[in-house]
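Each chain, letter by letter, is given below.
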Amino acid sequence: MDIEELQTFVEVADAGGVSPAALRLGVSKSIVSRRLARLEAELGIQLLARSTRGAALTEAGATFRDYAARVCAEIETARETILPTGALRGRLRVAAPLSFGPTHFAPMLAQMASRHPELHIQTCYSDRFVDLIAEGFDCAIRVGYLPDSNLIARKIGPIYTKLVASPSYIKAHGAPETPEELIAHEALLQGTEAWQFMNGDKVITARPQGRFKADNGIALVAAATAGLGVAYLPDCLTYEHVSSGALVPIMTRYPPPPAGVYVVRPPGQHPARKIRMLTELLIESFGQSPHFAGPARI
């Protein structure tokens with residue numbers, strides 16, 4: 001029984017269809033269909049009920065899926081065990097934030113690919129909250145404050161945030177001096193989020209309002225430099241704009257609490273070695289960036 005056929009079946013079962021599974025695997029839909037057909041022919045039983053809406057597991061398929069997933073995991077572990085020390089192979093699917101993933105994390109992923117020529121890395125850059133298990137990712141790089149979940153997280157390092165506005169906005173509207181004063185200002189938002197600030201050891205939560213919203217931090221930087229409002233953004237996005245004077249830190253007596261950069265993965269007893277090595281590389285590289293090294297003193 002071909003291990004690729006088993007892996008393909010597990011991906012189709014988890015993704016709910018041939019098309020999303022092909023995307024995860026990085027192969028064509030026709031290849032996925034042929035692998036499934038060969039597996040079902042070898043077993044002599046239908047594993048998936050196909051329709052225009054996707055592919056659903058049959059009763060036999062649901063039972064076989066769990067066995068196939070365990071076999072694939074064991075084979076992957078065995079492959080890692082017999083590889084030369086440090087060498088990696090196979091596929092690594094990573095979800096990373098769009099706001100600064102391509103600029104800050106992509107070079108690290110490229111470095112990992114250079115070190116391991118047999119490793120296939122697929123990265124999805126998006127600021128939406130990716131469901132690792134449902135969408136078939138090995139891990140994700142996440143920035144901010146982690147919500148409670150069953151995912152396993154490893155902190156890479158701290159990330160610092162500032163409340164900023166452009167000189168033109170401050171000239172026209174003034175700058176808030178306390179969290180309570182934020183209600184009188186235009187906030188640039190990613191949704192309906194709450195902003196947190198420190199007053200000594202006490203955390204103060206504010207729920208600002210504004211007419212400009214975007215699901216991407218870079219878009220909020222553009223809005224802030226255009227004078228549309230005040231923004232609550234990580235230093236790694238505003239560092240150069242603060243340095244040039246295009247943005248000004250405001251309400252500095254109430255700094256946001258430090259957030260973090262994390263590698264998160266689905267639950268399991270042991271992380272795959274490729275995830276461990278990615279995590280170690282990120283930790284090694286993290287402090288070398290002036291954007292991440294600590295709170296900017298500007």
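A brief structural summary. Small disclaimer: the values here were computed from a predicted structure and weren't measured.

## Digging into the pattern of salt bridges
Stage number 1. This structure, assessed with the given rule, holds 8 salt bridges.
Stage number 2. Close ionic contact of Arg35 with Glu4 constitutes a salt bridge, the shortest N to O distance being 3.3 Å. Taken together, the residues span a long stretch of sequence, with Arg35 in helix α3 (residues 29-43) and Glu4 in helix α1 (residues 3-15) at a distance of 31 residues.
Stage number 3. Asp235 serves as the salt-bridge partner of Lys162, at 3.2 Å between the closest nitrogen and oxygen. On the criterion of sequence distance, the pair formed by Lys162 in strand β7 (residues 161-165) and Asp235 in helix α9 (residues 235-244) is long-range, its members being 73 residues apart. Taken as a pair, Lys162 and Asp235 share a single burial class, namely buried.
Stage number 4. Shared partners join several salt bridges into a network, and the residues in it are Asp14, Arg65 and Asp66.

## Some details on the layout of surface pockets
Stage number 1. By volume, the second largest pocket is sized at about 990 Å³.
Stage number 2. Those elements that provide at least two residues to the lining of the second largest pocket are β3 (89-96), β5 (139-144), β9 (195-199), α8 (217-225) and β12 (230-234).
Stage number 3. The greatest single-element share of the lining of the second largest pocket, amounting to 5 residues, is contributed by β5.
Stage number 4. Grouping the constituent residues of the lining of the second largest pocket by class yields 22 nonpolar, 8 polar and 5 charged.

## Thoughts on the packing of α1 against helix α2 (residues 18-25)
Stage number 1. Their axes nearest at 8 Å, the elements α1 and α2 cross at an angle of 125°. Put simply, α1 runs oblique to α2. As for how α1 packs across α2, the hand of that crossing is right-handed. In this structure, α1 uses Thr8, Glu11, Val12, Asp14 and Ala15 to contact α2, whose residues at the interface are Val18, Pro20, Ala21, Arg24 and Leu25.
Stage number 2. Grouping the amino acids of the contact of α1 with α2 by side-chain chemistry returns 6 nonpolar, 1 polar and 3 charged.

## Structural notes on the packing of α1 against α3
For any two helices packed against each other, one specifies the inter-axial angle together with the distance between the axes.
Stage number 1. For the pair α1 and α3, the least separation of the axes is 9 Å and the interaxial angle reads 110°. When the axis of α1 is compared with that of α3, the two are roughly perpendicular. Across the interface between the two elements, Glu4, Glu5, Leu6, Thr8, Phe9 and Val12 from α1 touch Val32, Arg35, Leu36, Arg38, Leu39 and Glu42 from α3.
Stage number 2. Looking at the contact of α1 with α3, its residues break down into 6 nonpolar, 1 polar and 5 charged.

## What about the nonpolar core?
Burial of nonpolar side chains together is a common tendency in soluble globular proteins.
Stage number 1. Formed by 34 residues in total, the largest nonpolar core has its most connected members in Leu92, Leu278 and Leu282.
Stage number 2. Broken down by element, the residue count for this core peaks at 5 residues, all from helix α10 (residues 273-286).
Stage number 3. Leu92 has contacts with Met112, Leu119, His120, Ile121, Gln122, Asp138, Cys139, Lys274, Ile275 and Leu278, leaving out every residue within four places of it along the chain.
Stage number 4. Core analysis: the second largest hydrophobic core is formed by 19 residues, Val10, Val12, Ala21 and Leu48 among them.

## Quick notes on the sheet that holds strand β6 (residues 152-159)
Stage number 1. Read across the sheet, 5 strands follow the order β4-β3-β5-β14-β6 without closing on themselves; strand pairing throughout is mixed. With one partner strand each, in any of the chains shown, β4 (118-125) and β6 form the two edges of the open sheet. The sheet shows a mean angle of 20° between the axes of neighbouring strands, direction not considered.
Stage number 2. Pairing of β5 with strand β14 (residues 259-265) involves 5 bridges; the strand directions are antiparallel. The residue of β14 that forms the bridge with Ala140 is Val264.

## What to know about the sheet that holds strand β11 (residues 212-213)
In a beta sheet, neighbouring strands are held together by backbone hydrogen bonds and run either parallel or antiparallel to one another.
Stage number 1. Strand order in the open sheet formed by 5 strands is β11-β8-β12-β7-β13, with mixed pairing between adjacent strands. For this open sheet the edge positions go to β11 and β13 (248-249), each flanked by a neighbour on one side alone.
Stage number 2. Across 2 bridges, the pairing between strand β8 (residues 187-189) and β12 is parallel. When the sheet's bridge partners are listed, Ala187 is paired in β12 with Val230.
Stage number 3. The sheet contacts of α9 involve β7, β12 and β13, and relative to β12 the element is tilted by about 115°.

Rules behind the numbers
Throughout, a residue's number is its position along its own chain's written sequence, starting from 1. Whole-chain, interface and lining totals are the exception, using all residues; otherwise, since this is a predicted model, local features are given only for residues with pLDDT of at least 70 and side-chain atom pairs are given and counted only at 80 or more. Values reported for side chains reflect all heavy atoms of the structure, with hydrogen atoms and water molecules removed beforehand. By salt bridge we mean one thing: a side-chain nitrogen of Lys or Arg within 4 Å of a carboxyl oxygen of Asp or Glu. Secondary structure elements are defined from DSSP: runs of H or I of at least 4 residues count as helices, runs of E of at least 2 residues count as strands, and each element is numbered from the N terminus. For each residue, the accessible area found with a 1.4 Å probe, counting protein chains only, is set against the maximum for its type, and the residue is called buried under 20%, exposed over 50%, and partly exposed in between. Detection works on a 1 Å grid of protein atoms alone, calling trapped sets that fit a 1.4 Å probe cavities and calling open sets with protein on both sides within 12 Å along at least five of seven lines pockets, with lining residues defined by an atom within 4 Å of a point. Grid points are joined across faces, edges and corners, and a volume is the space filled by probe spheres set on the points. Residues are grouped as follows: nonpolar covers Ala, Val, Leu, Ile, Met, Phe, Trp, Tyr, Cys and Pro; charged covers Asp, Glu, Lys and Arg; every other residue, Gly included, is treated as polar. Fitting a line to C-alpha atoms yields each axis, with helices limited to the stretch in contact; the angle taken between N-to-C directions then spans 0 to 180 degrees. When an angle is under 35 degrees it counts as roughly parallel; over 145 it counts as roughly antiparallel; between 65 and 115 it counts as roughly perpendicular; any other value is oblique. Two helices crossing with the near one rotated counterclockwise from the far one by less than a right angle form a left-handed crossing, whereas a clockwise rotation gives a right-handed crossing. Contacts are residue-level and defined by heavy atoms, with any inter-residue pair within 4.5 Å sufficient. To define a nonpolar core, start from buried Ala, Val, Leu, Ile, Met, Phe, Trp, Tyr and Cys residues and group those joined through side-chain atoms within 4.5 Å. We call two strands paired when DSSP finds no fewer than two bridges between them.

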